[in-house]
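What the coordinates show
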Amino acid sequence: MRMYDIIRHKRDGLPLSEAEIRCFVTGYTAGDIPDYQASALAMAICFNGMDAAETATLTDAMMRSGDQVDLSCFGAYTVDKHSTGGVGDKTSLIVGPIVASLGGKVAKMSGRGLGHTGGTVDKLESIPGYRTELPPTDFIAQVEQIGIAIIGQSANLAPADKKLYALRDVTATVDSMPLIASSIMSKKLAAGAHNIVLDVKVGNGAFMKTREQGEELARQMVAIAKSCERQVSALVTNMHVPLGWAVGNTLEVLEAVEILQGKGCPRLRQLCEALAAEMLSLCHGWTPEHSLQKVKEAIDSGAAFARMQKWIVAQGGDGAYLTDTTRFPAAAVTQDVVAQTGGYIADMDAEQIGNIGVLLGAGRRQKGEAIDHAAGIRLWKKTGDCVCAGDCLATLHTNRADVVGAAQAAYRAAITIQDAPPQAQPLLYTIVR
Ligand code: URA
């Protein structure tokens, strides 16, 4: 089988056979197929798409290209959650312990920040001592004992996707629904959970800019997981507005603690409740109403926060930081951004706000750059809020004094204030099951 013919078939709009897809994935992972041929195929897929069977085969082949985590010792109780990426998205830190406190087994591999979006591993590393790498036996033992362990993605998880994603990133071939769906799902399936809840973000701060695109991606990913006999749901949720009141690593850990202590941003709590309830419904077969009730009880009783403390300590983190959050190092500079006019906040450019977080030090401008865990943004006013001239819109936290002026100006530019109140925005658009 020649790579030339595989590219030609896709260029001509033909579906690729299973053998062709597996030949490509195996050959590309082994280094036998050069990047120029792989990028030609990726571009042909961008133009001509892939049907459900091709997408499922591509996912399966990439999933099998490296390690597959064996969680079979936990039966049907393992549950994973994946967000397609957003700004201020700290939901894994909140839903993980909630679900673990209610009998779910959360054996999770998470990523680092990417572009303007944050990553769970970076957030967890703001807790002194927390280990984001564990030997496999310790990982399994912790899930057995505490119900939750969250580590970074192992280097050999879906290496075919790692290679192809890096190539797509530089050849303008990221924006293809089957390529995105297979890329995300190959990693999730290799991570081994029987149940998977996907949070597909839609809006200016997300990959998928429109609700229609988000729903289509959700349908494709759900179909792939089902073809691999996993239980799956996808919540399509709003990312036109940053999630919660904090953007940046330590600030988001503090916000997660607040939510688990029954305080914090109601909209963030509502999303976490919906995600955790969906995870528990898949694990235990509970009705959505019963799951939601149990989730609320776990937060209000303190059981979920107690589970978070156990989890963080088990993974080497200093638990004293969670009970006394003033121990977290603060940024050297805090600077308010005030409104120059009064009115209603009609729009927030979530992507731009994520970029401002990166400028302040909360994310990486270059691969491998160190993160400033204390850097970030506390949002005081959000879309729909009424503001007067002089009101504080946000507080910037940074150790880079030289970027404060530019960050303030950029933050103001990211906020649209108008006279009339805007239409309320839904938090949850739909659930694809
Ligand atoms: N995230 C991934 O892991 N892969 C994509 O293709 C897009 C987003």
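Scroll up to find the structure this text is about.
A brief structural summary.

Here is what the cut-offs are and how they apply
- Residues numbered from 1 in each chain as written.
- Predicted model: local features only at pLDDT ≥ 70, side-chain atom pairs only at ≥ 80, totals over all residues.
- Heavy atoms only, no water.
- Near = heavy atom within 4 Å.
- Polar contact = N/O pair within 3.5 Å; in protein donor to acceptor, adjacent residues only side chain to side chain.
- Areas by Shrake-Rupley, 256 points an atom, 1.4 Å probe, with all protein chains shown as cover.
- Helix = DSSP H or I, 4+ residues; strand = E, 2+ residues; numbered from the N terminus.
- Nonpolar A, V, L, I, M, F, W, Y, C, P; charged D, E, K, R; others polar.
- Pairing = 2+ DSSP bridges.
- Axes fitted to C-alpha atoms, helices over the stretch in contact; angles between N-to-C directions.
- Contact = heavy atoms within 4.5 Å.
- Parallel < 35°, antiparallel > 145°, perpendicular 65-115°, else oblique.
- Expected span 1.5 Å × (residues − 1).
- Buried < 20%, exposed > 50% of the residue type's maximum accessible area, 1.4 Å probe, protein only.
- Disulfide = S-S within 2.5 Å.
- Core = buried A, V, L, I, M, F, W, Y, C linked by side-chain atoms within 4.5 Å.
- Domains from an automatic or database assignment.
- Phe/Tyr/Trp six-rings, centres within 6.5 Å; stacked < 30°, edge-to-face > 60°.
- Lys NZ or Arg CZ within 6 Å of the ring centre and 35° of its normal.

Lining the immediate surroundings of the ligand are Tyr165, Arg168, Ile180, Ser183, Ile184, Lys187 and Phe207. The contact in question runs from an oxygen atom of the ligand to an N or O atom on the side chain of arginine 168, over 3.0 Å. Measuring from an oxygen atom of the ligand, one finds a side-chain N or O atom of lysine 187 at 2.4 Å. Against a free-state accessible area of 230 Å², the protein chains account for coverage of 89% of the ligand. Top contributing element to the shell around the ligand by residue count: helix H9 (residues 177–190), with 4 residues. Here the shell around the ligand is built from residues that sort into 4 nonpolar, 1 polar and 2 charged.

Turning our eyes to something else, we now look at the sheet that holds strand E13 (residues 428–432). Taken together, the 4 strands give an open sheet; going across it, the order is E1-E4-E5-E13, and neighbouring strands pair in mixed fashion. Each edge of the sheet is formed by a strand with only one pairing partner; in this case those strands are strand E1 (79–83) and E13. When strand polarity is set aside, the average angle formed by the axes of neighbouring strands in this sheet is 15 degrees. Bridge analysis of strand E4 (residues 195–202) against strand E5 (residues 231–238) gives 8 bridges, and the strand direction is parallel. Among the inter-strand pairings, isoleucine 196 is bridged to a residue of E5, identified as valine 232. Packing against the sheet, helix H12 (residues 266–284) makes contact with E1, E4, E5 and E13, and its axis sits at approximately 150 degrees to E4.

Moving on, we come to the packing of helix H16 (residues 350–360) against helix H17 (residues 404–413). For the pair H16 and H17, interaxial distance at closest approach is 10 Å and the crossing angle is 170 degrees. Considering the angle they form, H16 stands roughly antiparallel to H17. For the pair H16 and H17, contact is made by Gln352, Ile353, Ile356, Leu359 and Leu360 and by Ala406, Ala407, Ala410 and Tyr411, respectively. The class makeup of the residues in the contact of H16 with H17 is 8 nonpolar, 1 polar and no charged.

The first and last C-alpha atoms of helix H4 (residues 52–63) sit 16 Å apart over 12 residues, in line with the 16 Å expected at 1.5 Å per residue. The complete set of buried residues in H4 reads Glu54, Thr55, Ala56, Thr57, Leu58, Thr59, Asp60, Ala61, Met62 and Met63. Contacts made by the buried residues of H4 are with helix H1 (3–11), helix H2 (18–30), helix H8 (159–169), H9 and helix H10 (211–227).

Our focus in this paragraph is the state of the cysteines. One pass over the full model with this rule turns up 0 disulfides. Not part of a disulfide, cysteine 265 finds its nearest cysteine sulfur in cysteine 272, a span of 9.4 Å.

What the 3 strands build is an open sheet, ordered E10-E8-E12; its pairing is antiparallel. At either end of the open sheet lies a strand with only one pairing partner, and these are strand E10 (386–387) and strand E12 (415–418). Relative to E10, strand E8 (residues 343–348) is paired through 2 bridges, and the arrangement is antiparallel. By the bridge assignment for E10, tyrosine 344 is matched with cysteine 386.

Counted at 1.5 Å a residue, the expected span for H9 with its 14 residues is 20 Å, and the 20 Å between its end C-alpha atoms agrees. For H9, a buried count of 14 out of 14 residues is recorded, marking the element as mostly surrounded by other parts of the structure. Positioned one or two residues after H9, glycine 192 has a phi angle of 95 degrees, which is positive.

Most often, soluble globular proteins have nonpolar side chains that are buried together. Of all hydrophobic cores here, the largest spans 73 residues; its most connected members are Ile98, Met308, Trp311, Ile353, Ile377 and Tyr411. Per-element tally for this core: the top contributor is H12, with 10 residues. Residues lining this core come from more than one domain, with at least three contributed by each of domain 2 (72–323) and domain 3 (328–418).

So, on to the packing of aromatic side chains. Remark: the centre distance and the inter-plane angle together describe each pair of aromatic rings, the angle taken between the planes. What the rule picks out here adds up to 3 aromatic pairs. Aromatic side chains phenylalanine 24 and tyrosine 28 sit 5.8 Å apart centroid to centroid with 15 degrees between the ring planes, which places their arrangement in the stacked category. Pair noted here: phenylalanine 24 and tyrosine 28 are both in helix H2, with a separation of 4 residues, about one helical turn. Accessibility expressed as a relative area gives 6% for phenylalanine 24, which makes it buried. The exposure class of tyrosine 28 is buried, given its relative accessible area of 2%. Ring centres of tyrosine 321 and phenylalanine 328 lie 5.1 Å apart, and the angle between their planes is 75 degrees; this geometry places the pair in the edge-to-face category. On the accessibility criterion, phenylalanine 328 (6% relative accessible area) is buried. If you follow lysine 163 out to its NZ or CZ, it ends over the ring of tyrosine 28, 4.4 Å from the centre. Taking the ring centre of tryptophan 380 as reference, the NZ or CZ of arginine 378 above it sits at 3.9 Å.

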